Amino acid sequence: MSVLFYPTRDLYVCGYFHDGDLLISRKYVAWNDPSKFGLELDFFPALKTVTFANAAGGVPWYAIKKCLEHPTVTSISIGANSTWMCAPPPTPSDIPPHGSRLTHLSYTPWQWRKTESVLYKTDLRPIYALESSYLRALVLSMSRTAESLTLPAETAPLSEMANMDWPRLHTLSLVGRYTDPDQCRFIPLLLLRMPNLRNLSIKVMQCEGMWRPHLLKDLPETILRLRSLKVSYPAPDDPIFSCIGDGLTSLSLRDSPRRYFVARYGSRALSAISPILSASECLAILKRISAPRLLVLELVYQADAAEDELLQYLPEAFPLLQELELHRYRAQPEDSVPYLHVARTLTAIKYLRALYLNLDINGTPTSQTWMYDGLEEDNVWLDLRDEWGLEIAKVLQPNLESFEYVAVLLHCRCAGYWVRYLPGRIVHDRRYATDADAFVDGPRIGIRKLLSAC
(Lines give C-alpha, C1' and ligand atoms only; values in the text may rest on other atoms or scores of the structure.)
Protein backbone atom coordinates (compact mmCIF):
# COMPACT_ATOMS: atom_id res chain seq x y z
CA MET A 1 0.00 0.00 0.00
CA SER A 2 1.19 3.49 -0.83
CA VAL A 3 -0.39 6.56 0.71
CA LEU A 4 0.22 10.25 0.17
CA PHE A 5 -0.50 12.23 3.33
CA TYR A 6 -1.86 15.77 3.49
CA PRO A 7 -2.91 17.87 6.48
CA THR A 8 -6.00 16.44 8.15
CA ARG A 9 -8.11 19.46 7.26
CA ASP A 10 -7.56 18.70 3.54
CA LEU A 11 -7.96 14.95 3.72
CA TYR A 12 -11.50 14.28 2.66
CA VAL A 13 -11.09 11.73 -0.12
CA CYS A 14 -10.28 8.11 0.56
CA GLY A 15 -10.56 4.90 -1.39
CA TYR A 16 -8.72 2.22 -3.30
CA PHE A 17 -7.55 2.78 -6.84
CA HIS A 18 -5.60 1.01 -9.53
CA ASP A 19 -1.99 1.70 -10.39
CA GLY A 20 -1.64 4.72 -12.59
CA ASP A 21 -4.66 6.61 -11.23
CA LEU A 22 -4.17 10.27 -10.49
CA LEU A 23 -4.65 12.26 -7.35
CA ILE A 24 -8.26 13.00 -6.57
CA SER A 25 -8.69 16.75 -6.07
CA ARG A 26 -4.97 16.78 -5.23
CA LYS A 27 -5.76 15.51 -1.77
CA TYR A 28 -5.16 11.78 -1.45
CA VAL A 29 -4.43 8.64 -3.40
CA ALA A 30 -3.96 5.01 -2.39
CA TRP A 31 -3.66 1.83 -4.39
CA ASN A 32 -3.65 -1.63 -2.88
CA ASP A 33 -5.54 -4.90 -2.67
CA PRO A 34 -9.22 -3.91 -2.39
CA SER A 35 -9.80 -6.64 0.20
CA LYS A 36 -7.54 -4.70 2.54
CA PHE A 37 -9.49 -1.49 2.16
CA GLY A 38 -10.01 0.33 5.40
CA LEU A 39 -6.67 -0.32 7.07
CA GLU A 40 -5.64 3.26 6.28
CA LEU A 41 -8.78 4.71 7.88
CA ASP A 42 -7.39 3.99 11.33
CA PHE A 43 -4.68 6.58 10.70
CA PHE A 44 -7.26 9.35 10.27
CA PRO A 45 -9.26 9.62 13.49
CA ALA A 46 -10.96 12.87 12.39
CA LEU A 47 -11.95 11.71 8.89
CA LYS A 48 -15.48 12.75 7.91
CA THR A 49 -15.88 12.18 4.17
CA VAL A 50 -15.01 9.13 2.08
CA THR A 51 -15.21 9.41 -1.71
CA PHE A 52 -14.84 6.44 -4.05
CA ALA A 53 -13.63 7.72 -7.39
CA ASN A 54 -12.45 4.61 -9.23
CA ALA A 55 -13.58 1.27 -7.88
CA ALA A 56 -14.06 -0.95 -10.93
CA GLY A 57 -17.26 -2.98 -10.76
CA GLY A 58 -18.57 -1.05 -7.79
CA VAL A 59 -17.75 -0.43 -4.16
CA PRO A 60 -18.24 -3.74 -2.29
CA TRP A 61 -20.32 -3.83 0.84
CA TYR A 62 -17.35 -4.67 3.07
CA ALA A 63 -15.77 -1.34 2.10
CA ILE A 64 -18.96 0.55 2.87
CA LYS A 65 -19.33 -1.32 6.15
CA LYS A 66 -15.81 -0.27 7.11
CA CYS A 67 -16.75 3.35 6.51
CA LEU A 68 -19.94 2.98 8.53
CA GLU A 69 -17.96 1.54 11.42
CA HIS A 70 -15.50 4.45 11.49
CA PRO A 71 -16.49 6.66 14.46
CA THR A 72 -16.24 9.99 12.62
CA VAL A 73 -17.20 9.23 9.01
CA THR A 74 -20.55 10.86 8.22
CA SER A 75 -20.37 11.28 4.44
CA ILE A 76 -19.93 8.79 1.57
CA SER A 77 -19.71 9.76 -2.11
CA ILE A 78 -19.59 7.27 -4.98
CA GLY A 79 -18.77 8.60 -8.44
CA ALA A 80 -19.60 7.37 -11.93
CA ASN A 81 -16.49 5.15 -12.13
CA SER A 82 -17.37 3.29 -8.93
CA THR A 83 -21.02 2.38 -9.45
CA TRP A 84 -22.33 -1.06 -8.59
CA MET A 85 -22.14 -3.34 -11.61
CA CYS A 86 -20.75 -6.67 -10.41
CA ALA A 87 -20.07 -6.25 -6.68
CA PRO A 88 -21.69 -8.83 -4.38
CA PRO A 89 -25.01 -7.61 -2.93
CA PRO A 90 -25.05 -6.28 0.64
CA THR A 91 -25.33 -8.80 3.43
CA PRO A 92 -28.63 -8.28 5.32
CA SER A 93 -27.00 -9.08 8.67
CA ASP A 94 -24.49 -6.26 8.12
CA ILE A 95 -27.09 -3.56 7.49
CA PRO A 96 -27.30 -1.19 10.50
CA PRO A 97 -30.45 -2.30 12.37
CA HIS A 98 -31.00 0.99 14.18
CA GLY A 99 -29.94 3.40 11.50
CA SER A 100 -26.56 4.87 10.66
CA ARG A 101 -24.87 8.13 11.52
CA LEU A 102 -24.38 9.10 7.87
CA THR A 103 -25.52 12.63 7.11
CA HIS A 104 -24.43 12.86 3.46
CA LEU A 105 -24.71 10.28 0.69
CA SER A 106 -24.00 10.90 -2.99
CA TYR A 107 -24.30 8.20 -5.64
CA THR A 108 -24.04 9.50 -9.21
CA PRO A 109 -23.99 6.93 -12.02
CA TRP A 110 -22.92 7.89 -15.51
CA GLN A 111 -25.77 9.84 -17.11
CA TRP A 112 -25.37 8.14 -20.51
CA ARG A 113 -25.51 4.53 -19.38
CA LYS A 114 -28.98 3.96 -20.85
CA THR A 115 -27.80 5.41 -24.16
CA GLU A 116 -24.83 3.05 -24.15
CA SER A 117 -27.13 0.17 -23.29
CA VAL A 118 -29.39 0.96 -26.26
CA LEU A 119 -26.46 1.25 -28.65
CA TYR A 120 -24.74 -1.94 -27.52
CA LYS A 121 -27.96 -3.86 -26.79
CA THR A 122 -27.07 -4.65 -23.18
CA ASP A 123 -29.49 -5.30 -20.32
CA LEU A 124 -29.38 -2.85 -17.41
CA ARG A 125 -31.92 -4.67 -15.27
CA PRO A 126 -29.36 -6.76 -13.30
CA ILE A 127 -27.35 -3.60 -12.62
CA TYR A 128 -30.47 -1.72 -11.54
CA ALA A 129 -31.40 -4.57 -9.19
CA LEU A 130 -27.93 -4.62 -7.59
CA GLU A 131 -27.86 -0.85 -7.33
CA SER A 132 -31.31 -0.82 -5.77
CA SER A 133 -30.27 -3.32 -3.09
CA TYR A 134 -27.31 -1.16 -2.06
CA LEU A 135 -29.25 2.09 -2.04
CA ARG A 136 -32.10 0.58 -0.07
CA ALA A 137 -29.64 -0.70 2.54
CA LEU A 138 -27.91 2.67 2.85
CA VAL A 139 -30.61 5.27 2.33
CA LEU A 140 -33.42 3.81 4.42
CA SER A 141 -31.15 3.62 7.45
CA MET A 142 -30.42 7.35 7.18
CA SER A 143 -33.88 8.85 7.62
CA ARG A 144 -33.16 10.33 11.07
CA THR A 145 -29.68 11.63 10.29
CA ALA A 146 -29.64 12.47 6.57
CA GLU A 147 -28.87 16.08 5.66
CA SER A 148 -27.95 15.70 1.98
CA LEU A 149 -28.87 13.01 -0.56
CA THR A 150 -27.90 12.75 -4.23
CA LEU A 151 -29.48 9.68 -5.80
CA PRO A 152 -30.36 8.23 -9.22
CA ALA A 153 -34.09 8.22 -9.97
CA GLU A 154 -33.78 4.80 -11.63
CA THR A 155 -32.97 2.93 -8.43
CA ALA A 156 -33.54 5.21 -5.43
CA PRO A 157 -36.05 3.64 -3.01
CA LEU A 158 -38.52 6.48 -3.55
CA SER A 159 -41.65 4.57 -2.51
CA GLU A 160 -40.14 3.55 0.84
CA MET A 161 -38.63 7.00 1.37
CA ALA A 162 -42.04 8.59 0.87
CA ASN A 163 -43.32 6.65 3.89
CA MET A 164 -40.60 7.96 6.21
CA ASP A 165 -39.86 11.31 7.86
CA TRP A 166 -36.64 13.14 6.99
CA PRO A 167 -36.43 15.79 9.70
CA ARG A 168 -32.85 16.96 9.06
CA LEU A 169 -32.65 16.74 5.29
CA HIS A 170 -31.80 20.11 3.72
CA THR A 171 -30.57 19.00 0.27
CA LEU A 172 -32.18 16.52 -2.10
CA SER A 173 -30.86 15.92 -5.60
CA LEU A 174 -32.29 13.35 -8.01
CA VAL A 175 -30.37 12.60 -11.21
CA GLY A 176 -30.50 10.03 -13.98
CA ARG A 177 -33.77 9.08 -15.64
CA TYR A 178 -37.19 7.74 -14.85
CA THR A 179 -37.57 4.16 -16.02
CA ASP A 180 -41.32 4.10 -15.43
CA PRO A 181 -43.90 6.91 -15.47
CA ASP A 182 -45.17 5.86 -12.04
CA GLN A 183 -41.87 6.68 -10.33
CA CYS A 184 -42.53 10.40 -10.29
CA ARG A 185 -45.73 10.05 -8.25
CA PHE A 186 -43.70 9.48 -5.10
CA ILE A 187 -41.96 12.87 -5.32
CA PRO A 188 -44.90 14.95 -4.00
CA LEU A 189 -45.33 12.57 -1.07
CA LEU A 190 -41.61 12.62 -0.34
CA LEU A 191 -41.27 16.40 -0.30
CA LEU A 192 -43.97 16.70 2.33
CA ARG A 193 -41.87 14.54 4.68
CA MET A 194 -38.90 16.95 4.51
CA PRO A 195 -39.74 20.01 6.66
CA ASN A 196 -36.24 21.52 6.52
CA LEU A 197 -35.59 21.11 2.80
CA ARG A 198 -33.68 24.10 1.44
CA ASN A 199 -32.08 22.85 -1.80
CA LEU A 200 -34.06 20.77 -4.29
CA SER A 201 -32.70 19.53 -7.61
CA ILE A 202 -34.69 17.24 -9.92
CA LYS A 203 -32.49 16.82 -13.01
CA VAL A 204 -34.10 13.65 -14.31
CA MET A 205 -34.66 12.52 -17.88
CA GLN A 206 -38.30 11.74 -18.61
CA CYS A 207 -39.41 8.57 -20.34
CA GLU A 208 -42.23 7.85 -22.77
CA GLY A 209 -45.62 8.13 -21.13
CA MET A 210 -44.62 11.13 -19.00
CA TRP A 211 -45.18 14.82 -19.52
CA ARG A 212 -43.81 17.34 -17.05
CA PRO A 213 -44.78 15.62 -13.79
CA HIS A 214 -45.69 17.84 -10.85
CA LEU A 215 -43.39 18.08 -7.84
CA LEU A 216 -46.39 18.87 -5.64
CA LYS A 217 -50.01 17.87 -6.15
CA ASP A 218 -51.52 20.53 -3.91
CA LEU A 219 -50.41 23.55 -1.93
CA PRO A 220 -48.85 22.43 1.37
CA GLU A 221 -49.94 23.89 4.70
CA THR A 222 -46.66 25.80 5.04
CA ILE A 223 -44.26 27.33 2.52
CA LEU A 224 -41.17 25.33 1.59
CA ARG A 225 -38.53 28.02 2.30
CA LEU A 226 -36.28 26.83 -0.53
CA ARG A 227 -33.00 28.60 -1.27
CA SER A 228 -32.24 26.70 -4.48
CA LEU A 229 -34.53 24.96 -6.95
CA LYS A 230 -33.50 23.11 -10.12
CA VAL A 231 -36.11 21.22 -12.08
CA SER A 232 -36.02 19.77 -15.57
CA TYR A 233 -39.13 20.18 -17.70
CA PRO A 234 -41.27 21.83 -15.01
CA ALA A 235 -45.05 21.96 -15.29
CA PRO A 236 -46.25 25.58 -15.47
CA ASP A 237 -49.18 24.84 -13.16
CA ASP A 238 -47.13 22.96 -10.56
CA PRO A 239 -48.20 24.19 -7.08
CA ILE A 240 -44.56 24.24 -5.96
CA PHE A 241 -43.98 27.59 -7.68
CA SER A 242 -46.56 29.23 -5.44
CA CYS A 243 -45.02 28.11 -2.17
CA ILE A 244 -41.24 28.37 -2.58
CA GLY A 245 -40.84 31.24 -0.13
CA ASP A 246 -39.05 34.58 -0.45
CA GLY A 247 -35.59 33.22 0.34
CA LEU A 248 -34.85 31.67 -3.07
CA THR A 249 -31.41 32.69 -4.39
CA SER A 250 -30.96 30.21 -7.27
CA LEU A 251 -33.53 28.97 -9.78
CA SER A 252 -33.14 26.70 -12.80
CA LEU A 253 -35.99 25.83 -15.19
CA ARG A 254 -34.07 23.56 -17.47
CA ASP A 255 -33.75 20.48 -19.63
CA SER A 256 -32.19 17.08 -18.97
CA PRO A 257 -30.51 15.86 -21.08
CA ARG A 258 -29.55 19.03 -22.87
CA ARG A 259 -31.80 19.52 -25.85
CA TYR A 260 -28.90 19.94 -28.22
CA PHE A 261 -27.81 16.37 -27.46
CA VAL A 262 -31.33 15.15 -28.13
CA ALA A 263 -31.19 16.96 -31.48
CA ARG A 264 -27.77 15.50 -32.23
CA TYR A 265 -28.24 11.86 -31.25
CA GLY A 266 -31.98 11.51 -31.63
CA SER A 267 -34.60 10.23 -29.21
CA ARG A 268 -33.97 6.60 -30.23
CA ALA A 269 -30.45 6.61 -28.82
CA LEU A 270 -31.26 8.75 -25.78
CA SER A 271 -34.60 7.07 -24.98
CA ALA A 272 -35.87 10.27 -23.43
CA ILE A 273 -38.30 13.04 -24.25
CA SER A 274 -37.51 16.75 -24.20
CA PRO A 275 -40.63 18.83 -23.44
CA ILE A 276 -38.91 22.18 -22.91
CA LEU A 277 -40.94 25.23 -21.99
CA SER A 278 -42.03 27.97 -24.34
CA ALA A 279 -41.18 31.56 -23.47
CA SER A 280 -44.86 32.04 -22.52
CA GLU A 281 -44.71 29.09 -20.11
CA CYS A 282 -41.46 30.35 -18.57
CA LEU A 283 -43.09 33.72 -17.97
CA ALA A 284 -46.15 32.10 -16.41
CA ILE A 285 -43.96 30.23 -13.93
CA LEU A 286 -41.84 33.25 -13.01
CA LYS A 287 -44.94 35.34 -12.35
CA ARG A 288 -45.98 32.80 -9.71
CA ILE A 289 -42.65 33.01 -7.90
CA SER A 290 -41.75 35.59 -5.28
CA ALA A 291 -37.95 35.69 -5.13
CA PRO A 292 -36.66 39.24 -4.51
CA ARG A 293 -33.27 37.87 -3.42
CA LEU A 294 -32.65 35.73 -6.50
CA LEU A 295 -29.02 35.89 -7.64
CA VAL A 296 -28.72 33.07 -10.20
CA LEU A 297 -31.27 32.13 -12.88
CA GLU A 298 -31.24 29.55 -15.68
CA LEU A 299 -34.01 29.36 -18.28
CA VAL A 300 -34.39 26.90 -21.16
CA TYR A 301 -37.16 27.82 -23.57
CA GLN A 302 -38.41 27.89 -27.13
CA ALA A 303 -38.98 31.40 -28.43
CA ASP A 304 -42.51 32.66 -29.03
CA ALA A 305 -44.40 35.96 -29.00
CA ALA A 306 -43.91 36.38 -25.23
CA GLU A 307 -40.10 36.36 -25.32
CA ASP A 308 -39.70 40.14 -25.05
CA GLU A 309 -42.10 40.26 -22.12
CA LEU A 310 -40.21 37.41 -20.47
CA LEU A 311 -36.83 39.14 -20.73
CA GLN A 312 -38.25 42.49 -19.66
CA TYR A 313 -39.81 40.88 -16.62
CA LEU A 314 -36.50 39.64 -15.21
CA PRO A 315 -35.14 42.93 -13.78
CA GLU A 316 -38.58 43.73 -12.41
CA ALA A 317 -39.03 40.44 -10.58
CA PHE A 318 -35.38 39.80 -9.64
CA PRO A 319 -33.67 43.15 -8.98
CA LEU A 320 -30.54 41.56 -7.47
CA LEU A 321 -29.92 39.07 -10.29
CA GLN A 322 -26.18 38.61 -10.98
CA GLU A 323 -25.87 35.52 -13.17
CA LEU A 324 -28.21 34.56 -16.00
CA GLU A 325 -28.08 31.48 -18.23
CA LEU A 326 -30.38 31.34 -21.25
CA HIS A 327 -30.79 28.37 -23.57
CA ARG A 328 -32.92 29.84 -26.34
CA TYR A 329 -34.29 27.67 -29.14
CA ARG A 330 -35.97 28.88 -32.33
CA ALA A 331 -39.62 28.05 -32.95
CA GLN A 332 -38.87 27.31 -36.61
CA PRO A 333 -35.54 26.37 -38.23
CA GLU A 334 -35.72 29.32 -40.61
CA ASP A 335 -36.27 31.90 -37.83
CA SER A 336 -33.51 34.43 -37.28
CA VAL A 337 -31.84 34.83 -33.88
CA PRO A 338 -32.14 38.44 -32.61
CA TYR A 339 -29.06 38.14 -30.44
CA LEU A 340 -28.33 41.87 -30.20
CA HIS A 341 -31.94 42.62 -29.32
CA VAL A 342 -31.75 40.02 -26.56
CA ALA A 343 -28.53 41.60 -25.28
CA ARG A 344 -29.98 45.13 -25.29
CA THR A 345 -33.05 43.96 -23.40
CA LEU A 346 -30.89 42.36 -20.74
CA THR A 347 -28.98 45.60 -20.06
CA ALA A 348 -31.89 46.49 -17.76
CA ILE A 349 -30.65 43.86 -15.26
CA LYS A 350 -28.70 46.32 -13.12
CA TYR A 351 -26.32 43.98 -11.30
CA LEU A 352 -25.78 41.42 -14.06
CA ARG A 353 -22.24 40.08 -13.78
CA ALA A 354 -22.21 37.04 -16.07
CA LEU A 355 -24.44 36.07 -19.00
CA TYR A 356 -24.44 32.55 -20.47
CA LEU A 357 -26.12 32.16 -23.86
CA ASN A 358 -26.88 29.01 -25.79
CA LEU A 359 -28.15 30.46 -29.05
CA ASP A 360 -29.79 28.17 -31.56
CA ILE A 361 -27.60 29.29 -34.46
CA ASN A 362 -25.99 27.56 -37.42
CA GLY A 363 -23.23 25.16 -36.55
CA THR A 364 -25.11 23.73 -33.57
CA PRO A 365 -26.11 20.07 -33.23
CA THR A 366 -28.52 20.05 -36.17
CA SER A 367 -25.74 21.06 -38.54
CA GLN A 368 -23.23 18.61 -39.97
CA THR A 369 -20.43 20.93 -38.89
CA TRP A 370 -21.19 20.20 -35.24
CA MET A 371 -19.48 16.82 -35.05
CA TYR A 372 -16.23 18.34 -36.30
CA ASP A 373 -16.26 21.51 -34.23
CA GLY A 374 -13.24 22.06 -32.03
CA LEU A 375 -12.01 24.98 -30.00
CA GLU A 376 -8.82 25.18 -32.00
CA GLU A 377 -10.19 24.44 -35.47
CA ASP A 378 -10.66 26.92 -38.29
CA ASN A 379 -14.41 26.80 -38.75
CA VAL A 380 -16.78 29.33 -40.30
CA TRP A 381 -19.37 28.77 -37.58
CA LEU A 382 -16.76 29.19 -34.87
CA ASP A 383 -15.84 32.53 -36.41
CA LEU A 384 -19.51 33.53 -36.47
CA ARG A 385 -19.96 32.69 -32.81
CA ASP A 386 -16.86 34.68 -31.94
CA GLU A 387 -18.26 37.64 -33.85
CA TRP A 388 -21.59 37.41 -32.04
CA GLY A 389 -19.96 36.95 -28.64
CA LEU A 390 -17.81 40.05 -29.03
CA GLU A 391 -20.78 42.08 -30.27
CA ILE A 392 -22.89 41.03 -27.29
CA ALA A 393 -20.08 41.86 -24.86
CA LYS A 394 -19.74 45.27 -26.51
CA VAL A 395 -23.45 45.94 -25.94
CA LEU A 396 -23.45 44.82 -22.30
CA GLN A 397 -20.20 46.22 -20.97
CA PRO A 398 -20.95 49.99 -21.22
CA ASN A 399 -24.44 49.58 -19.71
CA LEU A 400 -23.70 47.34 -16.74
CA GLU A 401 -21.30 48.42 -14.01
CA SER A 402 -20.82 44.91 -12.65
CA PHE A 403 -20.54 43.13 -16.00
CA GLU A 404 -17.59 40.74 -16.33
CA TYR A 405 -18.23 38.54 -19.39
CA VAL A 406 -20.72 36.86 -21.69
CA ALA A 407 -20.27 33.17 -22.48
CA VAL A 408 -21.62 31.59 -25.66
CA LEU A 409 -22.02 27.84 -25.90
CA LEU A 410 -19.72 26.12 -28.37
CA HIS A 411 -20.84 22.63 -29.42
CA CYS A 412 -17.90 20.26 -29.78
CA ARG A 413 -17.43 16.55 -30.34
CA CYS A 414 -18.31 15.33 -26.88
CA ALA A 415 -19.49 18.30 -24.86
CA GLY A 416 -20.68 21.87 -24.76
CA TYR A 417 -18.08 24.48 -23.85
CA TRP A 418 -18.78 27.97 -22.59
CA VAL A 419 -16.49 30.29 -24.52
CA ARG A 420 -16.18 33.57 -22.63
CA TYR A 421 -16.12 36.94 -24.35
CA LEU A 422 -14.97 40.19 -22.87
CA PRO A 423 -14.96 43.40 -24.88
CA GLY A 424 -12.22 42.80 -27.48
CA ARG A 425 -11.14 39.49 -25.99
CA ILE A 426 -12.01 35.79 -26.38
CA VAL A 427 -11.25 33.24 -23.66
CA HIS A 428 -11.14 29.57 -24.72
CA ASP A 429 -10.79 27.59 -21.50
CA ARG A 430 -11.99 23.99 -21.48
CA ARG A 431 -11.23 23.36 -17.83
CA TYR A 432 -13.17 26.38 -16.68
CA ALA A 433 -16.03 26.35 -19.13
CA THR A 434 -17.29 22.78 -19.63
CA ASP A 435 -21.06 22.41 -19.57
CA ALA A 436 -20.94 19.44 -17.23
CA ASP A 437 -24.58 18.54 -17.82
CA ALA A 438 -23.81 17.83 -21.46
CA PHE A 439 -20.58 15.89 -21.28
CA VAL A 440 -20.10 12.63 -23.18
CA ASP A 441 -16.95 10.78 -22.21
CA GLY A 442 -15.70 9.63 -25.62
CA PRO A 443 -13.41 6.76 -24.58
CA ARG A 444 -16.05 5.33 -22.27
CA ILE A 445 -19.19 5.49 -24.39
CA GLY A 446 -17.42 4.75 -27.64
CA ILE A 447 -18.20 8.10 -29.21
CA ARG A 448 -17.33 6.86 -32.70
CA LYS A 449 -20.20 4.42 -32.54
CA LEU A 450 -22.48 7.14 -31.23
CA LEU A 451 -21.61 9.41 -34.12
CA SER A 452 -21.97 6.71 -36.73
CA ALA A 453 -25.36 5.75 -35.33
CA CYS A 454 -26.82 9.25 -35.66
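Residues numbered from 1 in each chain as written. Predicted model: local features only at pLDDT ≥ 70, side-chain atom pairs only at ≥ 80, totals over all residues. Heavy atoms only, no water.

J.: If you had to explain the environment of Ser 280 to someone new, which residues and values would you point to?
T.: Topologically, Ser 280 is positioned in helix H8 (residues 279–286). Sequence separation of Ser 280 and Glu 307 is 27 residues, and the distance between their C-alpha atoms is 7.0 Å. When residues no more than four places from it in sequence are discounted, the contact partners of Ser 280 are Asp 304 and Ala 306. (Helix = DSSP H or I, 4+ residues; strand = E, 2+ residues; numbered from the N terminus. Contact = heavy atoms within 4.5 Å.)

J.: Break down unusual backbone geometry for me, citing the residues and quoting the values.
T.: Here Ser 256 and Pro 257 are connected by a cis peptide whose omega angle stands at 5°. Looking at the element boundaries, Pro 257 is found in the loop between strand S10 (250–254) and helix H6 (259–265). We note that Arg 212 has phi near 50°; this positive angle belongs to a residue other than glycine. As for its placement among the helices and strands, Arg 212 is situated in the loop between strand S8 (199–202) and strand S9 (228–232). Positive phi, close to 60°, is recorded for Arg 225, a residue that is not glycine. Along the chain, Arg 225 falls in the loop between S8 and S9.

J.: So what's going on with the state of the cysteines? Which residues, and what values?
T.: Scanning all chains against the criterion turns up 0 disulfides. Unpaired in terms of disulfides, Cys 184 finds its nearest cysteine sulfur in Cys 207, a separation of 8.0 Å. (Disulfide = S-S within 2.5 Å.)

J.: Got a sec to walk through a nonpolar patch on the surface? Specific residues and values, please.
T.: On the surface, a nonpolar cluster with roughly 280 Å² of combined accessible area is contributed by Leu 295, Val 296, Leu 320 and Tyr 351. Relative to the helices and strands, Tyr 351 resides in the loop between helix H10 (339–346) and strand S14 (354–359). Residue Tyr 351 is classed as partly exposed on the basis of its relative accessible area of 36%. (Patch = residues over 30% accessible without salt bridge, like charges linked within 9 Å, V, L, I, M, F, W, Y side chains within 5 Å. Areas by Shrake-Rupley, 256 points an atom, 1.4 Å probe, with all protein chains shown as cover. Salt bridge = Lys/Arg side-chain N within 4 Å of Asp/Glu carboxyl O. Buried < 20%, exposed > 50% of the residue type's maximum accessible area, 1.4 Å probe, protein only.)

J.: Any chance you could break down the nonpolar core for me, citing the residues and the numbers?
T.: Within the largest apolar cluster, 110 residues are counted, with the highest numbers of intra-cluster contacts made by Trp 84 and Leu 149. The contact partners of Trp 84, leaving out residues within four places of it in the chain, are Gly 57, Gly 58, Val 59, Ile 64, Ile 78, Tyr 107, Ile 127, Leu 130, Glu 131, Tyr 134, Leu 135 and Leu 138. By size, the runner-up hydrophobic cluster in this structure holds 14 residues, among which are Trp 110, Ala 354, Tyr 356 and Tyr 405. (Core = buried A, V, L, I, M, F, W, Y, C linked by side-chain atoms within 4.5 Å.)

J.: Account for the pattern of salt bridges, with residues named and values stated.
T.: Inspection of every chain in the model, using the stated rule, returns 15 salt bridges. The closest approach of N and O atoms between Arg 258 and Glu 325, which form a salt bridge, is 3.3 Å. Of this pair, Arg 258 sits in the loop between S10 and H6 while Glu 325 sits in strand S13 (residues 323–329), placing them 67 residues apart in sequence. Linking Arg 353 and Glu 323 is a salt bridge whose minimum nitrogen-to-oxygen distance equals 3.0 Å. A residue pair is termed long-range when its members are at least 10 positions apart, and Arg 353 in the loop between H10 and S14 and Glu 323 in strand S13 qualify at 30 residues. Accessibility expressed as a relative area gives 24% for Arg 353, which makes it partly exposed. Assessed through its relative accessible area of 21%, Glu 323 is described here as partly exposed. A network of salt bridges, in which partner residues are shared, links Asp 255, Arg 258, Glu 298 and Glu 325.

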